[in-house]
Amino acid sequence: MAKILSFFMVLSLLAFAPILCLSSKTNYYGYLYPQFYDWSCPNAKEIVKSVVAKAVAREARMAASLLRLHFHDCFVKGCDASLLLDSSGTLISEKLSNTNRNSARGFEVIDEIKSALEKECPQTVSCADILALAARDSTVLEVDKMEKQLPPKQVQAQPQKAPQQTKQVPLKVQKPAHKAGGG
């Protein structure tokens, strides 16, 4: 269980590294920072969290699928939501490329989030941010669920000093009860 938890944490850090690196700037003009939607769309994070929670409740695998969507979006040329684009004419989108066909899933959840956010704050929250927030929230949901399934922490016994040996412990070798091959 601890290995799974560690895996999710490492994967989350890798997925959000670009956001974390860019958010440390003190001059936010042109840079990403975590509090951006606190003013422009105050309920954005709560809306994403709510839709993700409902989707994961309907289908537990959706949590991993949303994290995977974000990973695949960032893998090609950065976290730009290009994975969400549909094919056009002869141009095949990332969504329908051979590597993602029948593999990438969760697009309907992202569409549901986008629709809810557009009602709340039209043309404010970017699709790339929706993918990042959905991946974060789905990971947090799974980690919280795993932590609840772990047994309660037990008080660890204090290490004891090994008793000093006062004499050699005799070893007793037992002879087999029967002879090999003789029944």
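Residues numbered from 1 in each chain as written. Predicted model: local features only at pLDDT ≥ 70, side-chain atom pairs only at ≥ 80, totals over all residues. Heavy atoms only, no water.

Considerations on the overall build of the protein chain
Of the regular secondary structure elements, the protein chain holds six helices and zero strands. The burial tally for the protein chain puts 31% of its 183 residues in the buried class. When the accessible surface of the protein chain is totalled, it reaches about 13,700 Å², and 59% of it is carbon and sulfur. (Helix = DSSP H or I, 4+ residues; strand = E, 2+ residues; numbered from the N terminus. Buried < 20%, exposed > 50% of the residue type's maximum accessible area, 1.4 Å probe, protein only. Areas by Shrake-Rupley, 256 points an atom, 1.4 Å probe, with all protein chains shown as cover.)

Observations concerning the UniProt feature "active site" (unreviewed entry) in the protein chain
When the UniProt feature table is mapped onto this chain numbering, "active site" (unreviewed entry) sits at His-72. Tracing the sequence through the fold places His-72 in helix H4 (residues 62-77). Assessed through its relative accessible area of 18%, His-72 is described here as buried. Beyond its immediate sequence surroundings of up to four residues, His-72 is in contact with Leu-83, Glu-94 and Asn-100. (UniProt positions renumbered as here; feature names shortened; annotations may be inferred. Contact = heavy atoms within 4.5 Å.)

Description of the state of the cysteines
Taken as a whole, this structure holds two disulfides when the rule is applied. Sulfur-sulfur distance for the disulfide between Cys-74 and Cys-79 comes to 1.9 Å. In this structure, the disulfide formed by Cys-74 and Cys-79 twists by about 120 degrees around the S-S bond and is classed as right-handed. According to the relative accessible area criterion, Cys-79 is partly exposed, its value standing at 31%. (Disulfide = S-S within 2.5 Å.)

Re the nonpolar core
In terms of nonpolar packing, the biggest core is built from 29 residues, with Leu-69, Ile-110, Ile-113 and Leu-117 touching the most fellow members. Where this core is concerned, the elements lending two or more residues are helix H3 (44-58), H4, helix H5 (107-120) and helix H6 (127-149). Ranked by the residues each element gives to this core, the list is headed by H3, at seven residues. Once residues within four sequence positions are removed from consideration, Ile-113 is found in contact with Val-48, Val-51, Val-52, Ile-130 and Ala-134. (Core = buried A, V, L, I, M, F, W, Y, C linked by side-chain atoms within 4.5 Å.)

Looking at the packing of H3 against H6
The angle between the axes and the distance between the axes are what describe a pair of packed helices. Viewed as axis vectors pointing N to C, H3 and H6 meet at an angle of 55 degrees, and their least axial separation amounts to 9 Å. As summarised for this structure, H3 and H6 are arranged oblique, according to the angle between their axes. In this structure, H3 crosses over H6, and the sense of that crossing is right-handed. Contacts between H3 and H6 involve Lys-45, Val-48, Lys-49, Val-52, Ala-53 and Val-56 from the first element and Leu-133, Ala-134, Arg-136, Asp-137, Ser-138, Leu-141 and Glu-142 from the second. Split by residue class, the contact of H3 with H6 holds seven nonpolar, one polar and five charged. (Axes fitted to C-alpha atoms, helices over the stretch in contact; angles between N-to-C directions. Parallel < 35°, antiparallel > 145°, perpendicular 65-115°, else oblique. Left-handed = near helix turned anticlockwise from the far one by under 90°. Nonpolar A, V, L, I, M, F, W, Y, C, P; charged D, E, K, R; others polar.)

A look at unusual backbone geometry
Phi angles above zero are rare outside glycine, and Ala-81 is one such case at about 65 degrees. Within the chain, Asn-102 stands out as a residue other than glycine whose phi angle is a positive 60 degrees. Looking at the element boundaries, Asn-102 is found in the loop between H4 and H5. Given the relative accessible area of 80%, Asn-102 is considered exposed.

Topic: the confidence of the model for the protein chain
Chain-level statistics for the protein chain give a pLDDT mean of 79 and a share of 65% at 70 or above. Every residue in residues 19-26 is under pLDDT 50, and counting partners more than four places away or in other chains gives 10 contacts. (pLDDT = per-residue confidence, 0-100.)

Regarding the packing of aromatic side chains
Scanning the entire structure with this criterion turns up two aromatic pairs. Ring geometry for Phe-36 and Tyr-37: centres 4.9 Å apart, planes at 85 degrees, overall edge-to-face. A relative accessible area of 38% places Phe-36 in the partly exposed class. By relative accessible area, Tyr-37 is classed as buried at 8%. For the pair Phe-71 and Phe-75, a centre-to-centre distance of 5.7 Å together with 35 degrees between the ring planes defines the contact as tilted. Of this pair, Phe-71 and Phe-75 are both found in helix H4, four residues apart, which corresponds to roughly one turn of the helix. By relative accessible area, which is 61% here, Phe-75 ends up exposed. The ring of Phe-107 carries the charged tip of Lys-95 above its face, separated from the ring centre by 4.8 Å. (Phe/Tyr/Trp six-rings, centres within 6.5 Å; stacked < 30°, edge-to-face > 60°. Lys NZ or Arg CZ within 6 Å of the ring centre and 35° of its normal.)

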